[in-house]
Amino acid sequence: MKTVIFYYSGTGNSLWSARLLAEKLGDAKLKPMKGADALAAGDAEAVGFVFPVHVWGIPFPVMTFIEKLSLRPRVYLFALAVNAGQVSRALVQLGGLLDGRGLKLAAGYSIVLPSNYIPWGGAAPAERQKARFASARAKLHAAAAGIANRESGPIEKGPLWQRIVFTAIYQMTLKQVHKMDKDFWCDDKCNSCEICVRICPAGNIEMKKGKPAWKHNCEQCLACIQWCPQESIQFGKKTPAYERYHHPEITLQDMLR
Ligand SMILES: Cc1cc2nc3c(=O)[nH]c(=O)nc-3n(C[C@H](O)[C@H](O)[C@H](O)COP(=O)(O)O)c2cc1C
Ligand code: SF4
Ligand code: SF4
């Protein structure tokens with residue numbers, strides 16, 4: 001296999017981006033970061049990382065996965081940082097992480113898709129979502145051409161003020177993320193289907209008396225709240241009124257694979 005693309009995704013935006021990129025590249029295999037071992041890149045000529053931007057940086061599980069992954073010295077490395085408009089320093093951070101291992105991130109693209117951050121509001125109106133899907137498609141097309149030609153650059157980033165202010169918040173928040181599941185709760189619509197248990201990439205949900213219970217090892221990917229078929233999972237007080245979001249071309253089965 002010429003290219004291996006590793007992805008991490010809570011609500012399907014990153015999986016959709018990775019899938020589209022793989023289709024455009026041709027000889028590329030998609031692998032979920034979850035469950036992949038250190039040798040999963042094999043002898044691929046090019047290796048890509050596709051992940052959502054969380055709190056203006058790289059999600060913790062993505063960081064630990066990349067740190068452990070065995071990579072050949074001169075492998076061509078690329079990334080897509082999938083975000084809702086504020087990529088900030090995520091790709092620069094990834095470049096630094098790889099640099100620390102003597103490797104080079106050749107190209108890093110920001111892919112803007114609808115926000116899944118339901119604590120700040122529900123799904124965007126359909127028209128706005130459609131516009132983002134269209135521009136992301138065009139961007140992925142251009143990124144695929146650059147990657148296929150093994151181009152160096154770009155490493156996309158947000159404005160300086162964003163990188164300074166939000167990186168400080170990222171560093172302060174990183175250690176608190178695991179306990180942010182204390183605001184999840186489950187309403188009466190729950191039918192004990194256990195999909196939340198199966199979809200959680202962190203194994204952070206268990207069933208207690210037929211209802212989910214969160215174990216304080218959360219990665220805040222928001223898969224549980226966004227994919228619950230009964231819309232029974234809530235976060236804080238406002239989410240009962242908010243519309244859920246996941247990428248419309250990604251199915252629950254795709255996520256559970
Ligand atoms: C905990 C969390 C933090 C987020 N922080 C950012 C952010 O800093 N900048 C941004 O543009 N989007 C942010 N988002 C939105 C996601 O990056 C965006 O919706 C992404 O497309 C989700 O990808 P996924 O569906 O593959 O999980 C955040 C989402 C979550 C869940
Ligand atoms: S996915 Fe929703 S309905 Fe199913 S067990 Fe979890 S909370 Fe209940
Ligand atoms: S508990 Fe929910 S938000 Fe936290 S890691 Fe699991 S699926 Fe993601």
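So, here's what we can say about the structure.

About the thresholds
Residues numbered from 1 in each chain as written. Chains lettered and ligands numbered in written order. Predicted model: local features only at pLDDT ≥ 70, side-chain atom pairs only at ≥ 80, totals over all residues. Heavy atoms only, no water. Helix = DSSP H or I, 4+ residues; strand = E, 2+ residues; numbered from the N terminus. Rg over C-alpha atoms; globule rule 2.2 N^0.38 Å. Buried < 20%, exposed > 50% of the residue type's maximum accessible area, 1.4 Å probe, protein only. Contact = heavy atoms within 4.5 Å. Areas by Shrake-Rupley, 256 points an atom, 1.4 Å probe, with all protein chains shown as cover. Expected span 1.5 Å × (residues − 1). Core = buried A, V, L, I, M, F, W, Y, C linked by side-chain atoms within 4.5 Å.

Scanning the protein for helices and strands turns up 8 helices and 9 strands. Expected size for 257 residues packed as a compact globule is a radius of gyration near 18 Å; at 18 Å, the protein falls within 12% of this value. The dimensions of the protein, computed from C-alpha atoms along their principal axes, are 55 × 35 × 35 Å. Counting only residues that meet the buried cut, the protein has 49% of its 257 residues in that class. Sequence-distant contacts in the protein: of pairs separated by 6 or more residues, those separated by 24 or more amount to 79%. Taken as a whole, the protein presents about 12,400 Å² of accessible surface, with 54% of it coming from carbon and sulfur.

On to helix α5 (residues 160-173). Over its 14 residues, α5 extends 20 Å from the first C-alpha to the last, a length consistent with the 20 Å expected when each residue adds 1.5 Å. Here α5 has its buried residues at Gln162, Phe166, Thr167, Tyr170 and Thr173. Check the buried side of α5 and you find it contacts α2 (60-68) and α3 (90-99).

Below, the discussion takes up the nonpolar core. One finds Phe6, Val47, Phe49, Leu71, Leu77 and Leu94 to be the most contacted residues of the largest nonpolar core, which totals 65 residues. In terms of residue count, strand β4 (residues 76-83) provides more of this core than any other element does, 7 residues in total. If near-sequence neighbours (up to four positions away) are discounted, Leu71 is found in contact with Ala41, Val47, Phe49, Leu77, Leu98, Arg101 and Leu103. In terms of nonpolar packing, the next biggest core, distinct from the first, is built from 13 residues, Cys196, Cys218, Ile225 and Cys228 among them.

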